[in-house]
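Observations on chain architecture
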Amino acid sequence: MAAASSLKKTGRSSSALDVAEVAEKAGLESVPYAQAAELLGCGNGNGNGCNAGAGAGGGDLCQPHGGVASGQAHENDAARVVVVCEPGLQKSMGALHPAAALYERFVNIDDSITEHANFREVLRRKGVRVLTVREILKYGLEDNLRCRIDLEDLAMNMLTYKREEGEEDGGMGDTHGIEQHVSDGYKREVLEHMSPDQLIDVVLTKPTVTIKPSFRDTGVSASYEFEPLANLIFTRDQQITTARGVVMASLRSPQRQHEIKIMKFCFQKLGIKVLGQVERPGYLEGGDFFPAGKDLCFVGVGLRSNELAVKQLMANDYLGTRRVAIVKDPFDKSQDRMHLDCVFSILSDDCVLMLEDMVGPDSPTRRLVDEYARDEATGKYALAREGVEFSQYLGENGFKIIPVTSEEQLQYACNVVNLGDSCILSCHAPTARKICRSPHFSGTMEYVEYSAITAMYGALHCSTQVVKRG
């Protein structure tokens, strides 16, 4: 009621972002906005694949108070709901200059669209409910005006109008109508007349339109600049999903700053509660997080994430585990191994993939673990162990290691997706075969062609955000 009262006082529309903002100012928990919660209904029930039947009776995703349950306690629990972002106009723009878009290689957009579509089909065949960012943004726009208004509000924030520098009126007045054409009122009218896909393209490309007088025709001309969300395809990074739920991250690269806003909007539209967000100077990217049960989770720190972020997560009890293993990268810090999921992955309850060059106390690229444990009496985390070599720590916690060579790692051998109960998808065929031959692995494996996507510096794990397991 307090949130509703605040809305009346401010006179603001009750959009997804407005409701959340008013609730935060009032000191309330995040208010779920569930206009698209129907997308989280029962699974496909096709009876095939690793998690067949996982969606049957899946209505337990929706809770009595109207929110939607999210969370993952273990990477090996059954994946129920995954959010992905299909390639589109924003990726095509990024491909114009791969290095500036944080891509590894040159990009063929048609191949990437085909491969991503196939990947989504494989996930669905395995019994996973797959939602795309575009699908979430587009949901309800044809028959729910509130959804339409919310997306227009988001597009208002992503579209910029400005007059060209030096085009002042010199005290003569706005003789060319420039002020009208850069006004919020004009921009609002433009957006209100756009189709749903036009609005979504505005959100995903972040245009800036610079207006100047033309002295003929309509009286104005324009130049156009874009800041495309060219890395939103990697939906792993903008947030983490812990045993307690979704926490928004804090991305290091300037090119990726607007991605969090879009993903948070999607979660609110789905009715998924966002627990909080990492604040600077903390940095956290989702590729550095692995849940390993109610007792333990791993968080990598190094090139992209830092310890300040992990300490924020612990201080707010966002992780929900008794122990937190901070996997530190003090020596390597390479773009080729930017996240923990570039060099490590959990294949089962007691088996992991790991870059063999990192193994051992004498490795020049070794990772070191600081373990924090939660005091049950106070609920606070405290440092329990420090500087333990990563492979040693894994062995002490009952994990067997399948080693990956440096050549295999550079081809994204470690970046697999575990759909639960050791149902693994891999985009590197030789490593997929190696895993199957290992005596430590007793699960199932499927190879997925993904080379057009790996050109963008990420693979299967990078391309998925599992918001519900179990």
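Residues numbered from 1 in each chain as written. Predicted model: local features only at pLDDT ≥ 70, side-chain atom pairs only at ≥ 80, totals over all residues. Heavy atoms only, no water.

1. Description of the overall build of the protein
- Across its full length, the protein carries 15 helices and 20 strands.
- Put simply, the protein has 470 residues, and 54% of those count as buried.
- Partitioning the contacts of the protein with sequence separation of at least 6, the portion at a separation of at least 24 is 74%.
- Accessible surface, the protein as shown: approximately 19400 Å² in total, 50% of it carbon and sulfur. (Helix = DSSP H or I, 4+ residues; strand = E, 2+ residues; numbered from the N terminus. Buried < 20%, exposed > 50% of the residue type's maximum accessible area, 1.4 Å probe, protein only. Contact = heavy atoms within 4.5 Å. Areas by Shrake-Rupley, 256 points an atom, 1.4 Å probe, with all protein chains shown as cover.)

2. Remarks on empty space enclosed by the protein
- According to the stated counting rule, one finds 4 cavities of 30 Å³ or more in the structure shown.
- Here the largest cavity is characterised by a volume of approximately 110 Å³.
- Along the wall of the largest cavity there are 13 residues; nearest its centre are F234, R256, R304, M338 and Y457.
- Of the residues contributing to the lining of the largest cavity, the split by class is 7 nonpolar, 3 polar and 3 charged. (1 Å grid on protein atoms, 1.4 Å probe; cavity = no way out; pocket = protein on both sides within 12 Å on 5 of 7 lines; lining within 4 Å. Points joined across faces, edges and corners; volume = space filled by probe spheres on them. Nonpolar A, V, L, I, M, F, W, Y, C, P; charged D, E, K, R; others polar.)

3. Quick look at helix α9 (residues 196–205)
- Counting buried positions along α9 yields 7 of 10 residues, so the element is predominantly enclosed.
- Those residues of α9 that sit buried are P196, L199, I200, V202, V203, L204 and T205.
- Downstream of α9 by a residue or two, K206 has a phi angle that is positive, lying close to 45 degrees.

4. With respect to the confidence of the model for the protein
- This prediction gives the protein a mean pLDDT of 88; 85% of its residues lie at or above 70.
- Predicted confidence is poor over residues 53–59, with pLDDT under 50, and the contacts of this stretch with residues over four places away or in other chains come to 9 contacts.
- In this model residues 169–173 is a low-confidence stretch, pLDDT under 50, and it forms 2 contacts with partners more than four residues away in sequence or in other chains. (pLDDT = per-residue confidence, 0-100.)

5. Examining the packing of aromatic side chains
- Under the defined criterion, the tally for this structure stands at 8 aromatic pairs.
- When the ring of F119 is compared with that of Y450, the centres are 5.2 Å apart and the planes differ by 65 degrees; the resulting orientation is edge-to-face. Within this pair, whereas F119 is found in helix α4 (residues 109–125), its partner Y450 is found in the loop between β19 (444–447) and α15 (451–454), the two being separated by 331 residues in sequence.
- On the accessibility criterion, Y450 (1% relative accessible area) is buried.
- Among the aromatic residues, ring-to-ring pairing joins F290, F298, F344, F390, Y393 and F399 into one connected group.
- A cation over an aromatic ring shows up here: R252 above the ring of Y283, its NZ or CZ 4.0 Å from the ring centre. (Phe/Tyr/Trp six-rings, centres within 6.5 Å; stacked < 30°, edge-to-face > 60°. Lys NZ or Arg CZ within 6 Å of the ring centre and 35° of its normal.)

6. Looking at the packing of helix α6 (residues 145–158) against helix α10 (residues 259–270)
- Across the interface, α6 lies against α10 with an axial gap of 12 Å and an inter-helix angle of 170 degrees. Taken as axis vectors, α6 and α10 run roughly antiparallel relative to one another. Listed contacts from α10 to C147, D150, L151, L154, N157 and M158 of α6 are K261, I262, F265 and K269.
- Here the contact of α6 with α10 is composed, by residue class, of 6 nonpolar, 1 polar and 3 charged. (Axes fitted to C-alpha atoms, helices over the stretch in contact; angles between N-to-C directions. Parallel < 35°, antiparallel > 145°, perpendicular 65-115°, else oblique.)

7. Observations regarding unusual backbone geometry
- Each neighbour pair has its own omega, and for R280 with P281 the value is 15 degrees, a cis peptide bond.
- Tracing the backbone shows P281 in the loop between β8 (274–277) and β9 (289–291).
- Notably, L102 is not glycine yet its phi reads approximately 70 degrees, a positive angle.
- Structurally, L102 can be placed in the loop between α3 (89–94) and α4.
- Even without being glycine, D421 reaches a positive phi, approximately 55 degrees.
- Its place among the elements puts D421 in the loop between β17 (417–418) and β18 (423–426).
- Residue D421 is classed as exposed on the basis of its relative accessible area, which comes to 67%.

8. Here we look at the pattern of salt bridges
- Under the counting rule described, the total for this entry stands at 25 salt bridges.
- A salt bridge links D317 to R374; its shortest N-O distance comes to 3.0 Å. On the criterion of sequence distance, the pair formed by D317 in the loop between α11 (307–315) and β11 (323–328) and R374 in strand β14 (residues 368–374) is long-range, its members being 57 residues apart.
- With a closest N to O distance of 3.0 Å, D370 and K328 form a salt bridge. Pair noted here: D370 is in strand β14 and K328 is in strand β11, with a separation of 42 residues, a long-range link.
- On the basis of relative accessibility, which here comes to 22%, the residue K328 falls in the partly exposed class. (Salt bridge = Lys/Arg side-chain N within 4 Å of Asp/Glu carboxyl O.)

9. Notes on the sheet that holds strand β2 (residues 129–132)
- With respect to topology, 3 strands assemble into an open sheet ordered β2-β1-β20, the strand pairing being mixed. The outermost strands of the open sheet, each flanked by one partner alone, are β2 and β20 (465–469). Within the sheet, the average angular offset between the axes of one strand and its neighbour, ignoring direction, is 20 degrees.
- One ladder, built from 4 bridges, connects strand β1 (residues 79–84) with β2; its direction is parallel. (Pairing = 2+ DSSP bridges.)

10. Regarding the nonpolar core
- Core analysis: the biggest nonpolar cluster contains 53 residues, and F298, F344, F390 and L425 have the highest contact counts within it.
- Membership of the second largest hydrophobic core comes to 46 residues, among which are V83, Y161, M194 and V202. (Core = buried A, V, L, I, M, F, W, Y, C linked by side-chain atoms within 4.5 Å.)

11. Things to note about the environment of V122
- Among the structural elements, V122 can be located in helix α4.
- Judged by its relative accessible area of 3%, V122 falls in the buried class.
- For V122 and L425, which are 303 residues apart along the polypeptide, the C-alpha to C-alpha distance reads 9.0 Å.

12. As for the environment of A373
- Position of A373 relative to the elements: it lies in strand β14.
- Put simply, A373 and D295 are 78 residues apart on the chain and 9.5 Å apart in space, counted from C-alpha to C-alpha.
- The residues contacting A373, other than those within four sequence positions of it, are R322, R323, K380, Y381, A382 and A384.

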